[in-house]
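Secondary and tertiary structure notes
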Amino acid sequence: MNQQAIIDRYLPATLSPAAKATAFAPSNIALCKYWGKRDAALNLPTNASLSVSLGELGTTTTLQLAAANSLSLNGVTLSKEDMFFKKVFAFVELFRRGQDIPLAIETVNTIPTAAGLASSASGFAALTLAINACFSLNLPLPVLSAFARMGSGSASRSLYHGFVEWHKGEQADGMDSFAEPLATQWPAFRIGIVTVSATAKKIQSREGMNRTVSTSQLYEKWPVQAANDLITLKKAIAAQDFSILGETAEHNALSMHATMISAWPPVLYWQPESVAVMQRVWDCRQNGLEVYLTMDAGPNVKLLFLQDQEASIKAKFPDMTVIAPFSVTSIP
Ligand code: PMV
């Protein structure tokens with residue numbers, strides 16, 4: 001099935017756009033990773049995943065009716081030839097019902113660019129929420145989550161704060177592959193971002209996934225491990241068992257990276273500094289500090305710990321950015 005046919009089912013025959021609409025969506029980091037697509041056009045995952053959102057760090061996007069299409073990213077006007085411009089307007093086009101509705105789009109990332117965190121998840125989530133508001137679609141969150149997923153898989157999880165599960169789904173149209181928040185709040189939960197490099201990754205996650213799925217002999221084990229890890233993580237969250245959560249999340253991330261490294265040509269996102277940070281994390285643990293790590297499709301390392309260890313861990317990683325994901329509870 002194609003994106004347009006699916007989205008059309010949810011749109012009114014004629015759009016009645018508002019003059020202006022703004023939406024915010026947080027970035028997120030997966031504790032059980034999404035790695036592999038069963039449908040590339042719809043970004044349907046091979047496995048379910050679970051993330052924690054990054055509170056105030058994310059994307060704010062404003063759509064405004066205008067004389068012509070324009071896009072500004074962090075205050076800079078982009079040319080129509082820019083890849084990001086094309087990607088954003090190709091997505092908006094899916095919702096325009098073929099009507100001529102030129103839009104001035106402003107998108108601002110509150111994720112510090114220097115943190116080297118991907119903004120595609122919060123970007124597509126904020127854009128989807130802003131489209132819903134601007135085109136007066138009034139669609140329910142599970143539908144919007146499935147739409148955001150078509151822009152970027154992990155964007156499905158960025159419609160909510162806190163812990164979020166993205167259901168794998170079974171349907172061919174993917175409308176049962178959406179994310180939902182878990183009820184549990186964990187105010188003492190902390191994430192530390194240790195930035196090794198803020199430059200864009202060389203291998204996009206789409207390419208990394210495709211190469212892994214088609215060439216790694218380890219990949220067939222991945223969906224089975226991910227399914228088990230998801231169950232363990234949900235239990236650990238419900239029981240507020242940080243040790244189980246940390247061990248499972250770290251093991252999950254390193255297992256995902258093992259599938260990439262065993263692809264051909266190999267997909268290795270780590271830099272020597274990433275490995276040095278990992279070893280410092282393991283040293284900390286040996287010395288009694290409870291800290292775990294996770295990594296995505298890039299060289300930066302994200303640390304997981306609880307508030308009572310924050311000062312000791314900050315002393316070991318003075319440059320890390322600390323996020324308290326549960327300091328924000330609702331999307332404005
Ligand atoms: O949503 P994408 O296509 O950028 O892929 C995200 C992949 C990982 O960040 C590695 C894992 C995840 O679940 O976020």
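Residues numbered from 1 in each chain as written. Predicted model: local features only at pLDDT ≥ 70, side-chain atom pairs only at ≥ 80, totals over all residues. Heavy atoms only, no water.

A few points about the pairing of strand S10 (residues 189–194)
Within S10, six of the six residues are buried, leaving the element largely enclosed by the surrounding structure. The side-chain alternation of S10 yields two buried faces, one formed by Phe189, Ile191 and Ile193 and the other by Arg190, Gly192 and Val194. Taken together, the six bridges between S10 and strand S12 (residues 301–306) define a ladder with antiparallel strand orientation. Among the inter-strand pairings, arginine 190 is bridged to a residue of S12, identified as phenylalanine 305. In terms of strand pairing, S10 meets strand S13 (residues 321–323) through three bridges, oriented antiparallel. Counted as the bridge partner of isoleucine 191 is isoleucine 323 from S13. (Buried < 20%, exposed > 50% of the residue type's maximum accessible area, 1.4 Å probe, protein only. Helix = DSSP H or I, 4+ residues; strand = E, 2+ residues; numbered from the N terminus. Pairing = 2+ DSSP bridges.)

Re the environment of asparagine 138
Note on placement: asparagine 138 falls in the loop between helix H3 (120–134) and helix H4 (141–151). Here the alpha-carbon distance between asparagine 138 and leucine 11, two residues 127 residues apart in the chain, equals 9.7 Å.

Some words on the site of the ligand
Close to the ligand lie 14 residues; Tyr34, Ser152, Ser154, Arg157 and Ser205 are nearest. The backbone of glycine 153 places a nitrogen or oxygen atom 3.5 Å from an oxygen atom of the ligand. Between serine 205 and the ligand, the recorded distance is 3.1 Å, taken from a side-chain N or O atom to an oxygen atom. Calculation on the ligand without its partners gives an accessible area of 380 Å², and the protein chains cover 90% of this total. (Near = heavy atom within 4 Å. Polar contact = N/O pair within 3.5 Å; in protein donor to acceptor, adjacent residues only side chain to side chain. Areas by Shrake-Rupley, 256 points an atom, 1.4 Å probe, with all protein chains shown as cover.)

A short note on the pattern of salt bridges
When the charged atoms of two side chains with opposite charge come close together, those side chains can pair. Considering all chains together, one arrives at eleven salt bridges under this definition. We note a salt bridge from aspartate 296 to lysine 33, for which the minimum N-O separation is 2.7 Å. With aspartate 296 in the loop between strand S11 (292–294) and S12 and lysine 33 in the loop between strand S1 (20–32) and strand S2 (37–39), the pair connects residues that are 263 residues apart, well separated along the chain. Here arginine 190 makes a salt bridge to glutamate 310, at a shortest N to O gap of 3.0 Å. Here arginine 190, found in strand S10, pairs with glutamate 310, found in helix H9 (residues 310–316); they are 120 residues apart in sequence, far enough to count as distant. Given the relative accessible area of 9%, arginine 190 is considered buried. One network of salt bridges, with partners in common, ties together Lys33, Asp296 and Lys302. (Salt bridge = Lys/Arg side-chain N within 4 Å of Asp/Glu carboxyl O.)

Looking at the environment of alanine 41
By secondary structure assignment, the location of alanine 41 is in the loop between S2 and strand S3 (44–45). Residues alanine 41 and valine 275, 234 residues apart in the sequence, show an inter-C-alpha distance of 34 Å.

Quick word on the side chain of serine 274
Its place among the elements puts serine 274 in helix H8 (residues 272–286). Overall, serine 274 belongs to the buried group, its relative accessible area being 0%. Look past the residues within four positions of serine 274 in its chain and what remains in contact with it is Val196, Met295, Pro299 and Val301. (Contact = heavy atoms within 4.5 Å.)

Remarks on the packing of aromatic side chains
Scanning the entire structure with this criterion turns up 14 aromatic pairs. Ring geometry for phenylalanine 95 versus phenylalanine 147: centroids 5.5 Å apart, planes at 65 degrees, classification edge-to-face. With phenylalanine 95 in the loop between helix H2 (83–93) and strand S7 (103–109) and phenylalanine 147 in helix H4, this pair connects stretches of sequence that are 52 residues apart. Assessed through its relative accessible area of 1%, phenylalanine 95 is described here as buried. Assessed through its relative accessible area of 0%, phenylalanine 147 is described here as buried. Between the aromatic rings of tryptophan 186 and phenylalanine 189, the centroid separation amounts to 5.7 Å while the plane-to-plane angle is 55 degrees, which identifies the pairing as tilted. (Phe/Tyr/Trp six-rings, centres within 6.5 Å; stacked < 30°, edge-to-face > 60°.)

Here we look at unusual backbone geometry
Cis peptide bonds are those with omega within 30 degrees of zero, and the linkage from tryptophan 264 to proline 265 qualifies with -10 degrees. Position of proline 265 relative to the elements: it lies in the loop between helix H7 (242–261) and H8. Positioned with a positive phi, asparagine 43 is a non-glycine residue whose angle comes to about 50 degrees. Following the sequence through the fold, asparagine 43 ends up in the loop between S2 and S3. Assessed through its relative accessible area of 1%, asparagine 43 is described here as buried.

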